[in-house]
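# Remarks on the overall topology
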Amino acid sequence: MTLLKVKNLKTRFSTELGEVTAVDGVSFHVNAGETVGLVGESGCGKSVTSLSILRLFRKHSGTKLAGEIFFEQKELLTSSMEEMQEIRGNQISMIFQDPMSSLNPVYTVGNQISESLMLHQKLSKKEAYEKTIEMLSLVGIPSPEKRVNDYPHQLSGGMRQRVMIAMGLCCHPKLLIADEPTTALDVTIQAQILDLMKDLQEQLQMGIMLITHDLGVVAEVCDRVLVMYLGQIVEEASVETLFENPKHPYTIGLMKSIPTIDGKRGEKLHVIEGMVPSLHQIPAGCRFAPRCPFADEKCRSHPPDLIEVSHSHKARCWHHERIGIGGGNAIAIGNQ
Amino acid sequence: MGGYLLKRIVSLLPVLLVVAIVDFIIIHLTPGDPASVMLGSQATEEELAKLREQLGLTLPIYTRFFQWIIGILQGDLGWSIFMDMPVTEAIWEHLGPTLSLTILAEIIAILFAIPLGVMAANRRGSWMDQSFMTFAMLGISLPSFWIGLNLILLFAVQFNWLPAAGYQPLSSGIFNHLKYLIMPAISLGIMQGALIARMTRSSMLEVLNENYIRTAEAKGLKMWIVTYKHALRNAFIPILTVIGLSFATLVGGAVVTETVFNIPGIGKLIVNSVLRRDYEVIQGTVLMIAAAYVFINLIVDILYAYIDPRVRYDKS
Ligand SMILES: Nc1ncnc2c1ncn2[C@@H]1O[C@H](COP(=O)(O)OP(=O)(O)O)[C@@H](O)[C@H]1O
Ligand code: SF4
Ligand SMILES: [Mg+2]
């Protein structure tokens, strides 16, 4: 069952240097019970995509959203503010990137979690408080009946991220959008939190959209993957297909950045050359051309479309037939 | 919390001592002989000497300072030669009108300033925000006596609704009390309100960009809960600072406004005492104002700790 369907989403910001399109024609879907990964380097538009789904931009920021976003039967971009408030935190929850700044410093974590429960589940203050303790214990916070009265600054980064997860899950959402939920954490806690999300997913049949720049995490937990570059999806495939047979040079570049088993996690072995260009200077042809080892004249002048390269495997590259990994050591081959 | 409070209070004592020393030195180094001012130019040298003796002006300065300090510790601020009463009593008599005026002005200022500042921040860049900013700028630049005079012209002279000047204590009935105070309070409140409103707006603008505001919105909370529960409390520390400062300024005597409306407050007491060279009154009043500043600051510090748990825990 399709839970979320995004069609041709465009998100524009007005900046001092003019308007920029941070998300440019993104389409994808998330099924119930499925985990979809959204990967790409920092600045590719992953967070903006997720914020667009819940329309979490300030009213007077001049942000423009276009396209269609269906959550079950409901189109979100044309919904009223009241309808959005009914969905936010209730049917669709978000866990934000930065647990240090995403909790309100002047309220206890208990207050901040039970607030959602009282709003959406219509629990009394006391019931909400008890449920909050239960949620804190569920996400693995030791002595939750004490921690519930702590302020965010009294907790470590890992604990705060668990609080964010408890907050995101407390109303049993149908869809959880988790924006780099483990980036700030060390490896053991990272694994614990991912396990926890998977467990809860099985219990609740929840769809998860997992945003990360770490393909290692994707390989562990995702069913399907979207690779994003400079506001566009450049490749989409099931996890198996993507790792066995990547068709976009950018995806391969990201894979080469995954540390090997004996290398330490988080230690980048290879980084794609160059930087993500500014949104003010989007290349005319293929957006990846300035950094792509296979770029030719056509690439530089004509933007490729996202096309189906095999069954439910899409890529946005003129030369996808000639691109793949060889020798099992994740090196791109291109017989130019 | 207890530790935090104790630390704040202890740190205030040296401040008060320094203020007392500076206060004393300034008053005593001011040229002019109180005795000759009081007795007038007809006085003989003998009469002058006798009065100086009486006033203790012949004693060495450090002796006088210690006498003064010891007096203060016993609750004695000195004697008003001109009014022929203890300084504490003179201050007490003038404190009522000033406190009433200050509190009323501050209530008016806060009541308008905070909701307007919040609204402007929420609608940043809109016509409402822009006209608000213009009015706030105007409120800060217009002198309060000018506003006061215009209010008098309009409501006292033109319509005859309110008394033009004067003061009636609270004991004469709250309605009567307010009737005299409302115009001076408005003319003072506009300026203070404009300052508070501008601080509210800029502080809210900063807080509204914080990630935890987005978290609150992502929970599906209503706009007014996000604004007043999640944003305003975080934005309140700088707002509170401005309120504390404005309160302290007003307690120090709104000299001009008290003069325009002929209110017998602290401001008038200071002006009159300076004109009369009533040194002990000036000295005592200045010390009292400094103590009020310090006390208001202490209250502000306590409120900081109440509003923000990080203040409460970090510094204990
Ligand atoms: N409010 C905004 N105004 C202007 N540009 C923005 C805004 N938010 C994000 N961007 C830009 O959009 C691009 C995508 O950002 P983001 O989605 O945060 O990337 P990431 O993939 O790292 O999550 C970046 O270039 C960023 O600078
Ligand atoms: S289209 Fe050309 S430049 Fe773009 S990714 Fe493919 S090979 Fe590289
Ligand atoms: Mg991001």
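Residues numbered from 1 in each chain as written. Chains lettered and ligands numbered in written order. Predicted model: local features only at pLDDT ≥ 70, side-chain atom pairs only at ≥ 80, totals over all residues. Heavy atoms only, no water.

### Some remarks on the overall build of chain A
Regarding its fold elements, chain A presents 11 helices and 14 strands. The C-alpha atoms of chain A give 21 Å as radius of gyration, which agrees with the globular expectation for 336 residues (20 Å, within 12%). Taking the principal axes of the C-alpha coordinates as reference, chain A spans close to 70 × 50 × 40 Å. The 336 residues of chain A split such that 53% are buried. Contacts in chain A between residues far apart in sequence, at least 24 positions, make up 63% of those at least 6 positions apart. Per element, the accessible surface of chain A, about 14600 Å² overall, is 52% carbon and sulfur. Separation between the mean location of the 34 positive side-chain charges and that of the 39 negative ones in chain A comes to 4 Å. (Helix = DSSP H or I, 4+ residues; strand = E, 2+ residues; numbered from the N terminus. Rg over C-alpha atoms; globule rule 2.2 N^0.38 Å. Buried < 20%, exposed > 50% of the residue type's maximum accessible area, 1.4 Å probe, protein only. Contact = heavy atoms within 4.5 Å. Areas by Shrake-Rupley, 256 points an atom, 1.4 Å probe, with all protein chains shown as cover. Lys, Arg positive; Asp, Glu negative; His and termini not counted. Charge placed at Lys NZ, Arg CZ, Asp CG, Glu CD.)

### A few points about the site of ligand 2
Taken together, His248(A), Pro249(A), Cys286(A), Phe288(A), Ala289(A), Cys292(A), Phe294(A), Ala295(A), Cys299(A), Cys317(A), Trp318(A) and His319(A) make up the full set of residues near ligand 2. When the residues that make up the shell around ligand 2 are grouped by side-chain class, the tally is 10 nonpolar, two polar and no charged. (Near = heavy atom within 4 Å. Nonpolar A, V, L, I, M, F, W, Y, C, P; charged D, E, K, R; others polar.)

### Considerations on the sheet that holds strand β1 (residues 2-15) of chain A
All names here are of chain A. Read across the sheet, four strands follow the order β2-β1-β4-β5 without closing on themselves; strand pairing throughout is antiparallel. Bordering the open sheet on either side are β2 (18-31) and β5 (74-75), each of which pairs with just one other strand. Across 11 bridges, β1 lies against β2 in antiparallel orientation. Counted as the bridge partner of Lys5 is His29 from β2. The strands that helix α1 (residues 46-54) touches are β1, β2 and β4 (64-71); relative to β1, the one it contacts most, it runs at about 110 degrees. (Pairing = 2+ DSSP bridges. Axes fitted to C-alpha atoms, helices over the stretch in contact; angles between N-to-C directions.)

### Quick word on the layout of surface pockets
By volume, the largest pocket is sized at about 930 Å³. Forming the boundary of the largest pocket are 34 residues, of which Phe57(A), Arg58(A), Lys59(A), His60(A) and Glu217(B) lie nearest the centre. Among the elements of the structure, β4 and α2 (81-87) of chain A together with α5 (87-122), α8 (174-208), α9 (211-218) and α10 (223-251) of chain B are those that each provide at least two residues to the lining of the largest pocket. For the lining of the largest pocket, the element with the highest residue contribution is α9(B), accounting for four residues. Looking at the lining of the largest pocket residue by residue, the classes come out as 14 nonpolar, nine polar and 11 charged. A volume near 530 Å³ is recorded for the second largest pocket. As for the second largest pocket, its lining consists of 25 residues, of which His28(B), Leu55(B), Leu57(B), Arg64(B) and Glu280(B) are closest to the centre. Elements represented by at least two residues in the lining of the second largest pocket include exactly α1 (2-29), α2 (34-39), α3 (45-55), α4 (61-73) and α13 (279-307) of chain B. (1 Å grid on protein atoms, 1.4 Å probe; cavity = no way out; pocket = protein on both sides within 12 Å on 5 of 7 lines; lining within 4 Å. Points joined across faces, edges and corners; volume = space filled by probe spheres on them.)

### What about the pattern of salt bridges?
Oppositely charged side chains can pair when the atoms bearing their charge come close. The final tally for this structure, using the stated rule, is 20 salt bridges over all chains. The partner of Arg12(A) in a salt bridge is Glu19(A), and the shortest N-O contact between them spans 3.9 Å. On the accessibility criterion, Arg12(A) (24% relative accessible area) is partly exposed. The exposure class assigned to Glu19(A) is partly exposed, which follows from its relative accessible area of 45%. In this structure, the salt-bridge partner of Asp308(B) is Arg310(B), at a minimum N-O distance of 3.0 Å. Exposure remark for Asp308(B): the relative accessible area of 10% places this residue in the buried category. Among the ionic contacts, a cluster of salt bridges with common partners joins Lys10(A), Asp24(A) and Arg287(A). (Salt bridge = Lys/Arg side-chain N within 4 Å of Asp/Glu carboxyl O.)

### Side note on the interface of chain A and chain B
Taken residue by residue, the interface counts 28 residues in chain A and 28 residues in chain B. Summed over both partners, the interface of chain A with chain B buries about 2700 Å², with 54% contributed by carbon and sulfur atoms. Together, Arg58(A), Val106(A) and Glu115(A) form the three largest contributors to the area buried by chain A at its contact with chain B, with a combined 23%. Across the contact surface, chain A and chain B share three salt bridges. Lys229(B) serves as the salt-bridge partner of Glu115(A), at 3.0 Å between the closest nitrogen and oxygen. At the surface where chain A touches chain B, the tally comes to 14 residue pairs in polar contact (both at pLDDT 80 or more). Where the side of chain A that touches chain B is concerned, the elements lending two or more residues are α3 (109-120) and α6 (157-169) of chain A. No other element matches α3(A), which puts six residues into the side of chain A that touches chain B. For the side of chain A that touches chain B, the per-class residue count stands at 11 nonpolar, 12 polar and five charged. (Buried area = accessible area lost by both parts, 1.4 Å probe. Polar contact = N/O pair within 3.5 Å; in protein donor to acceptor, adjacent residues only side chain to side chain.)

### Overview of the domain arrangement of chain A
All names here are of chain A. With domains assigned, chain A is organised as domain 1 (2-222) and domain 2 (229-328). Each partner contributes to the roughly 1900 Å² buried at the junction of domain 1 and domain 2, and carbon and sulfur atoms together form 61% of this total. The interface formed by domain 1 and domain 2 includes two salt bridges. Close ionic contact of Arg291 with Glu41 constitutes a salt bridge, the shortest N to O distance being 2.9 Å. Taken together, domain 1 and domain 2 are joined by six residue pairs in polar contact (both at pLDDT 80 or more). Of all the elements in the fold, those that place two or more residues in the side of domain 1 that touches domain 2 are β2, α7 (187-204) and α8 (215-221). For the side of domain 1 that touches domain 2, the element with the most residues is β2, which contributes nine residues. Partitioning the side of domain 1 that touches domain 2 into residue classes produces 14 nonpolar, nine polar and four charged. (Domains from an automatic or database assignment.)

### Focus on empty space enclosed by the protein
Applying the stated criterion across every chain, the model contains three cavities of 30 Å³ or more. By volume, the largest cavity is sized at about 80 Å³. Gly89(A), Ser93(A), Met94(A), Phe96(A), Ser116(A), Met164(A), Met167(A), Gly168(A), Thr215(B), Ala218(B) and Lys219(B) together form the lining of the largest cavity. Elements with a contribution of two residues or more to the lining of the largest cavity: β6 (92-95) and α6 of chain A together with α9 of chain B. With three residues, the top contributor of residues to the lining of the largest cavity is α6(A). Of the residues assigned to the lining of the largest cavity, the class counts are five nonpolar, five polar and one charged.

### Quick word on the coordination of the magnesium ion (ligand 3)
Residue and element names in this part refer to chain A. Every protein donor of the magnesium ion (ligand 3) is accounted for by Ser47 (OG) and Gln97 (OE1), and the metal-donor separations fall at 2.0 to 2.7 Å. Taken together, the residues Ser47 in helix α1 and Gln97 in the loop between β6 and α3 connect sequence positions 50 residues apart. A relative accessible area of 22% places Ser47 in the partly exposed class. Among the residues examined, Gln97 registers a relative accessible area of 36% and is labelled partly exposed. (Donors = N, O, S within 2.8 Å, 3.2 Å for Na, K, Ca; no water.)

### Let's talk about a nonpolar patch on the surface
All names here are of chain B. On the surface, Leu99, Ile103, Ile107, Leu111, Phe112, Leu116 and Met119 cluster together to form a nonpolar patch covering roughly 620 Å² of accessible area. In this structure, Leu111 sits in helix α5. We classify Leu111 as exposed; its relative accessible area is 59%. (Patch = residues over 30% accessible without salt bridge, like charges linked within 9 Å, V, L, I, M, F, W, Y side chains within 5 Å.)

### Some details on the site of ligand 1
Residues and elements named next belong to chain A. Surveying the vicinity of ligand 1 reveals the residues Phe13, Thr15, Ala22, Glu41, Ser42, Gly43, Cys44, Gly45, Lys46, Ser47, Val48 and Leu279. In this structure, Gly43 approaches ligand 1 through a main-chain N or O atom, which is 2.6 Å from an oxygen atom. In this structure, an oxygen atom belonging to ligand 1 sits 2.8 Å away from a main-chain N or O atom of Val48. Expressed as a share of its isolated accessible area of 570 Å², the protein-covered part of ligand 1 is 64%. Of all elements in the fold, only β1 and α1 reach the threshold of two or more residues within the shell around ligand 1. Here the shell around ligand 1 takes three residues from α1, the largest share from any one element. Each residue belonging to the shell around ligand 1 can be placed in one class, and the counts come to five nonpolar, five polar and two charged.

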